[in-house]
Amino acid sequence: MSGNIRVDIKKRYSGQEDAPDFNLDVNFTASNELVVLFGRSGSGKTTTLRCIAGLGKPDMGFIEVNGKVYFDSELKKNLSPQDRRPGYVFQNYALFPHMSVAKNITYGLKGKSDAAKEQRLHEMLGLMHITGLQNEYPSRLSGGQKQRVALARALAPNPDILLLDEPFSALDMVVRMRLRERIHSIQETLDIPVLFITHNPVEAFTLADKVVVLHEGSVHQEGRPEDVFYNPCNRHVAELVGVSNIFDADFAGKSEYGFVLNTDSISITTTTNVDADSSYSWGVRPENVHLHPAREDISGCNVFSTTVHSVVNRGASRVVAVDIPGGGSVLLSEMDNRNFGKLDIGPGSECLVEIDPRDVLVFALEEPAG
Amino acid sequence: MSGNIRVDIKKRYSGQEDAPDFNLDVNFTASNELVVLFGRSGSGKTTTLRCIAGLGKPDMGFIEVNGKVYFDSELKKNLSPQDRRPGYVFQNYALFPHMSVAKNITYGLKGKSDAAKEQRLHEMLGLMHITGLQNEYPSRLSGGQKQRVALARALAPNPDILLLDEPFSALDMVVRMRLRERIHSIQETLDIPVLFITHNPVEAFTLADKVVVLHEGSVHQEGRPEDVFYNPCNRHVAELVGVSNIFDADFAGKSEYGFVLNTDSISITTTTNVDADSSYSWGVRPENVHLHPAREDISGCNVFSTTVHSVVNRGASRVVAVDIPGGGSVLLSEMDNRNFGKLDIGPGSECLVEIDPRDVLVFALEEPAG
Amino acid sequence: MLEQAIFPLYITLKIATLSTILVVLVGLLISYLLARRDFTGKNLVDILVTLPLVLPPTVTGYLLVILLGKNGVLGQSLFEMTGFGILFTWQAAVIAAFVVSLPLMVKTTSAAIGSVDRELEYVAYTLGHSELETALFVTLPLAKKGIIAGLVLSFARAVGEFGATLMVAGNIPGKTNTMSLSIYTAFQSGNDSLANILVVILVIMSLVSMAATAKLVNRWKV
Amino acid sequence: MLEQAIFPLYITLKIATLSTILVVLVGLLISYLLARRDFTGKNLVDILVTLPLVLPPTVTGYLLVILLGKNGVLGQSLFEMTGFGILFTWQAAVIAAFVVSLPLMVKTTSAAIGSVDRELEYVAYTLGHSELETALFVTLPLAKKGIIAGLVLSFARAVGEFGATLMVAGNIPGKTNTMSLSIYTAFQSGNDSLANILVVILVIMSLVSMAATAKLVNRWKV
Amino acid sequence: NSTASSAQEADSEEITVSAAASLTESYREIVKDFEADNPDIKVNLNLAGSGSLRMQIEAGAPIDVFASASQKHMDILDMKNMIVADSRRDFARNSLVLIVPAGTNQIENLEDLDSEEITKIALGNPETAPVGRYAKQGLEEAGLWKAIEGKTIFAENVKQVLVYVERGEVDAGFVYMTDAQTSDKIRIVEEVPVDADISYPVAILADSEAKEASQKFIDFVTGPEGKRILEEYGFKVE
Ligand SMILES: Nc1ncnc2c1ncn2[C@@H]1O[C@H](COP(=O)(O)OP(=O)(O)OP(=O)(O)O)[C@@H](O)[C@H]1O
Ligand SMILES: Nc1ncnc2c1ncn2[C@@H]1O[C@H](COP(=O)(O)OP(=O)(O)OP(=O)(O)O)[C@@H](O)[C@H]1O
Ligand SMILES: [Mg+2]
Ligand SMILES: [Mg+2]
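Treat the numbers as computed from the prediction; the structure is a model and nothing was measured. Along every chain, residues carry numbers that run from 1 in the direction the sequence is written. The order in which chains are written sets their letters, starting at A; the order in which ligands are written sets their numbers, starting at 1. Residue-level local features of this predicted model are given only where pLDDT is at least 70; pairs of side-chain atoms are given and counted only at 80 or more, and the full residue set underlies all totals for whole chains, interfaces and linings. Side-chain descriptors were evaluated using all non-hydrogen atoms of the structure, hydrogens and water having been removed beforehand.

Take the coordination of the magnesium ion (ligand 4) next. Residue and element names in this part refer to chain B. With water excluded from the atoms, a metal site may look incomplete; its donors are any N, O or S atoms within 2.8 Å, or within 3.2 Å for Na, K and Ca. Within the protein, the atoms that donate to the magnesium ion (ligand 4) are Thr46 (OG1) and Gln91 (OE1), at distances of 1.9 to 2.2 Å. Here Thr46, found in helix α1 (residues 45-53), pairs with Gln91, found in the loop between β7 (87-89) and α3 (101-106); they are 45 residues apart in sequence, far enough to count as distant. Burial classes follow relative accessibility: with a 1.4 Å probe on protein chains only, a residue under 20% of its type's maximum area counts as buried, one over 50% as exposed, and anything between as partly exposed. The exposure class of Thr46 is partly exposed, given its relative accessible area of 23%. Secondary structure elements follow DSSP: runs of H or I of four or more residues count as helices, runs of E of two or more count as strands, with numbering from the N terminus.

Structure representation (structure tokens):
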């Protein structure tokens, strides 16, 4: 094990009445980089962050940050939150209702002179685009304004580690983009580990040096964003990172291009090694499903003709759902408006589907947690 | 004025000390459709929703929903929230901490039999993918679980109007997509007006029958999503809907393709009518900025050669920033990974930029609020 | 000697329980109004309720005699209507206990209600619940801790009530001799051993009722 | 006749103010510990603090005399150390008022502290503030309403205190004759007009101090 | 001396006199005159019910002189050796009277209490208040106690009986003559003969550290000046 953050903890919440328990069993390491915790709602992201901050006590395990042991159940060591002093943005902001915005933001600047506090306050207000709000009380702020105050409060003391629980969820795109850059440069300037929770895949991809994917309390995959997004290790991770086309399949053999899987009446070839004895599902990202006019002549594998089921305009792109021949399900294809325009299709049109075998992801069914 | 919702209200919050006042002055109508309120953080979206729900009292104006006058300052009429009974999802959820999830969800089902409550509860739990959590208390839920309970509570009584304040902000993509569809079909089935706040442009575009754009307390634009996204009426709206390239320009004359504007050392032609006497800025959506290999031979206007400044991988797409010749600023171009691969460029590469004059949006500088 | 404690114990519990029930009912109403409504005379109500706390109990008792006596404002009309003279009965002791413990309930509870997040009340309104229903099922449960504190204080105060009770209820053996009065009598007449026994019983009774209240707290889930 | 009210008014204010200051200091500490900490003997502390409320004030006073007298546990050591006999001094009255009003403060405040969102304390911890700093600047300000209620109750109770004071401080003109005791004396000796005047003054004084407290509430911004 | 002495000048002495509540007015005057005669002695007058005063003393309160409204409380202290036995003196007597609200005439003598119209009779608690004990004794001697026992309302002190009678809450009550004289809202029906010594004892306490000054005070009370003042307030003195 190496890295500036080492987390290996277990924690159990027992469920009420006949509801199942929740078992957190998280293990990952990271250096001074921006780590995105990614996972379904209820997968244990917040719980993990709280344990690192010292606000929840793991049942057992080990947490080390920047060479300092925060928690070690064997040594019965458990640093207080005061000794950890993380910069923490809480999912629900948790602003002090009885303090003004200014007081909230400077509350972590213990022992600083008033002038230093004032200066830092104004830096933070500017950074968060909330200059002018310093004398307001939290009850008079909008959701996004509260969130920015919470961010400012966490960043102000230049902490050794940043724990950001969906810090941009209530912000508009313009501020969000600017703050993404800020967080990135703060991480680089301070050279500290940053743990960042987000549900936005684009945010995860663009911000992360490393992505840790949680599912039902345990880490399913951990790696650079490209690894996780382009090579999700199982169905759960795949769904999360936007592989919205996932189908069960039967092994059908091997061809010159690779292995062949059958779903309904189509055969899909993949370059991934597949074992005849196991059950699989395969998946493909919608932007890797390419559509061509029906009259076009395309050769190669994973080409089949079909009809357009429906088209959804997503503003900057279109999502075309096409029928999978011989089955009730549809395959989604996403393309930019210009390419869509060139295709000249609509619901009911005939068209050709083409999928590069290298883009076909294969997952063992019911793969155990990674 | 017509429509099932008519809102025309003014409300002022006075700022603390030297901070400016916030003035809400909102006026829009809608029929039984899904209306997305879109706007920067702090633009007055929540305030508007609260006024419609009867939780905030406008200083003056008029609110009518489904033929019922909710508020009329002239007639001194102000229906109580009980008489309005909106299905309201609060931005901060506002779950009852002393009630179980089941009790929270069924709390609006006044006068229903226990069996009916039980049935509705299970429908809602299923709809929100939180089956099993009914006996938990809110303090033991994750952020996204709380949000779904809040949604279930608002939807359970089949209200006459739905007011949803960023109802999906804490949800992962998978649940979010499913719930988007649910909300859409609920709106259609119940045939009620739904007001929906989101900061996610794709969500706004795909969900909305109508988009109302708020900026600093007033409506700047209102229309179908295509109108608002493809023809934003001013800079503020444009920024919000993702027109991330916006530049100041000087009027340079008229050409065979349209009107010409100069920015730094490039000339941009637009099909929009432009008046020589005013100041303008122009903008283009990054997905409408097309890049071509430097060696390619492209004719037409709005084609210029430049160098690549940087490339950002957003997972499903790439954003390439290219220098604008003769100035310090960059122009962003977004494309899918396949097209990016074909281009074969990287930072420092030469390439050609092409922009369709029809995609060039023009805004009068400092246009007054719409 | 123990049998001398049975009646005082019984009557004390009866008086304190009844008075506390009254205090809770009236106190919750007043507290809610003080915390959530603006009305003319609000300050006056606040002051009137708190007054019995600053007055020496004897004075409170004297004022109650004036009010409840045969020739008193309330006592007279009650007597004319029912022929019932309330002075020197255990009912009068209930009233005395009520008056002296009401301020404890009101101050404690109105502070607790004032600290409940109004937003949650608004949510209940949008779900179609009237102000009364909301007060009962949202506001008051959320103010639980303060209400329990007020209840314990009121009950304890009612048990310990002495001065005002003495004035309005007299100290009539077999009728109104509460624990407090009995202890006082025993001490005053130099019967220290009886006094000590009664104190021990009083303390045990108080502990038991407080433990019962604690149980109540745990049951009333929040 | 008015001059007969000046000393009692002065001594009452002095005693009530000092006792309230003590009650607030000690009460906040105990309340915080009861609400936020688990320790052995927690229930015992809770019970001990509440006890003076259920005991008739005379009994409380009797117990205090035993404790503070020259032969009492506390009184003896105090006397040996300082040569100061505390009984029958205004300081003894402060102690009596303190003991009888402490339960009001503790019950009210610990309920209010218990209702403060712990999450906010955790936030303060992550910002490097110790538990004490957090208690002072986060928890207590957020429990403000309950604390103010406890403070008002304690002050009012101290002003109205009679039975215990009479026992430990005596009713000595020019030394320990508080308003309560003076009203009692005037009333007992048939001097009803003086008693009435004293009651009116007591009520006015209480109103003024409560109004001052209300001002305090408004100042202390939350 | 026994109370806080550090603040006092060395040559002045301070004594604390605990006197029964019914002695309030007379003792105030006595103290004033006594202090005028003895400028080196300061008297703290502590006024409360005799029972409370006795409890204070038992608990160890620093008292020098105790003037009780009844022999019983003094006896209890005597038994516990808490008083200087030979300093004990009776300094005044009182008499018991039957009173009714002013303007009523159903009762003209003690026997009338047995009539059916009479339902409430107030007297001090015989166990704690001497005035109640005397009243009970008087009624027993008149053979009326059994008959009217069910009509009695016990009060803790004389003042309470007076209040009840003044406001017409009871039909009659028993108080001391000295108390009856302070109210004009009642009528004195008659003096009730009691075969008891309704007398007020005074004594120096065993723990007193200023026995000399205390003795001076008792001498003053029992002296001509004291007698004059006590008589003025309706007490009988020998
Ligand atoms: N205090 C608690 N007691 C019991 N169970 C809890 C508690 N807090 C969280 N849980 C449960 O633990 C699981 C993980 O919760 P957590 O808050 O870590 O999820 P999350 O990944 O942050 O989800 P979200 O994206 O919705 O915020 C959930 O199922 C939740 O119900
Ligand atoms: N109770 C209040 N008192 C004073 N000002 C307020 C109050 N509530 C909101 N405001 C101010 O009104 C403006 C609009 O707030 P509102 O909550 O409507 O914004 P919003 O559009 O919902 O923003 P967000 O997307 O951040 O939630 C903000 O500047 C806010 O500071
Ligand atoms: Mg979370
Ligand atoms: Mg909002």
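For the rest of this paragraph, the subject is the confidence of the model for chain C. The pLDDT value expresses, per residue, how confident the predictor is, ranging between 0 and 100. Summary statistics for chain C give a mean pLDDT of 86 and a share of 96% for residues scoring 70 or more. ipTM for the predicted complex: 0.89, alongside a pTM of 0.91.

Turning our attention to the domain arrangement of chain A. All names here are of chain A. The domain boundaries here were taken from an automatic or database domain assignment. Each assigned domain of chain A is listed here: domain 1 (5-240) and domain 2 (245-364). With centres defined by C-alpha atoms, the gap from domain 1 to domain 2 works out at 38 Å. Throughout, a contact is declared for two residues whenever any of their heavy atoms are within 4.5 Å. With 9 residues of domain 1 at the interface, the matching set in domain 2 holds 6 residues. By definition here, a salt bridge exists when the distance from a side-chain nitrogen of Lys or Arg to a carboxyl oxygen of Asp or Glu is within 4 Å. Seen at the junction of domain 1 and domain 2, the total is 1 salt bridge. Note that Arg235 is salt-bridged to Asp248, the shortest N-O span being 3.2 Å. Whenever two N or O atoms come within 3.5 Å, that pair is a polar contact, provided that in protein one can donate a hydrogen and the other can accept it, and provided that, for residues adjacent in sequence, both atoms are side-chain atoms. Applying the counting criterion to the domain 1 and domain 2 interface returns 2 residue pairs in polar contact (both at pLDDT 80 or more). Those elements that provide at least two residues to the side of domain 1 that touches domain 2 are α8 (225-230) and α9 (235-240). The element that contributes the greatest number of residues to the side of domain 1 that touches domain 2 is α9, accounting for 3 residues. Note on residue classes: Ala, Val, Leu, Ile, Met, Phe, Trp, Tyr, Cys and Pro are nonpolar, Asp, Glu, Lys and Arg are charged, and everything else, Gly too, is polar. Tallied by class, residues from the side of domain 1 that touches domain 2 come to 5 nonpolar, 2 polar and 2 charged.

Attention shifts here to the relation of the copies chain B and chain A. When chain B is fitted to chain A, the residual RMSD is 0.1 Å, and the transformation amounts to a turn of 180° plus an axial shift of 0.0 Å. Between the two chains, the operation in question is that of a two-fold axis. The rotation axis passes nearest to the C-alpha of Ser169(B) in chain B, at a distance of 2.9 Å. C-alpha atoms of residues with pLDDT of at least 70 in both copies form the basis for the least-squares superposition of the copies.

The nearness test applies per residue and asks whether one of its heavy atoms lies within 4 Å of the molecule or strand. Residues in close proximity to ligand 2 total 20 residues, the closest being Ser142(A), Gly144(A), Ser41(B), Thr46(B) and Thr47(B). One finds residues of chains A and B in close proximity to ligand 2. A distance of 3.2 Å is found between an oxygen atom of ligand 2 and a backbone nitrogen or oxygen belonging to Ser43(B). Each accessible area is a Shrake-Rupley result for a 1.4 Å probe, and residues are judged covered by the shown protein chains and nothing else. Relative to its unbound accessible surface of 630 Å², ligand 2 loses 88% to contact with the protein. Among the secondary structure elements, those contributing two or more residues to the shell around ligand 2 are α5 (143-155) of chain A together with α1 of chain B. For the shell around ligand 2, the class distribution of residues is 3 nonpolar, 13 polar and 4 charged.

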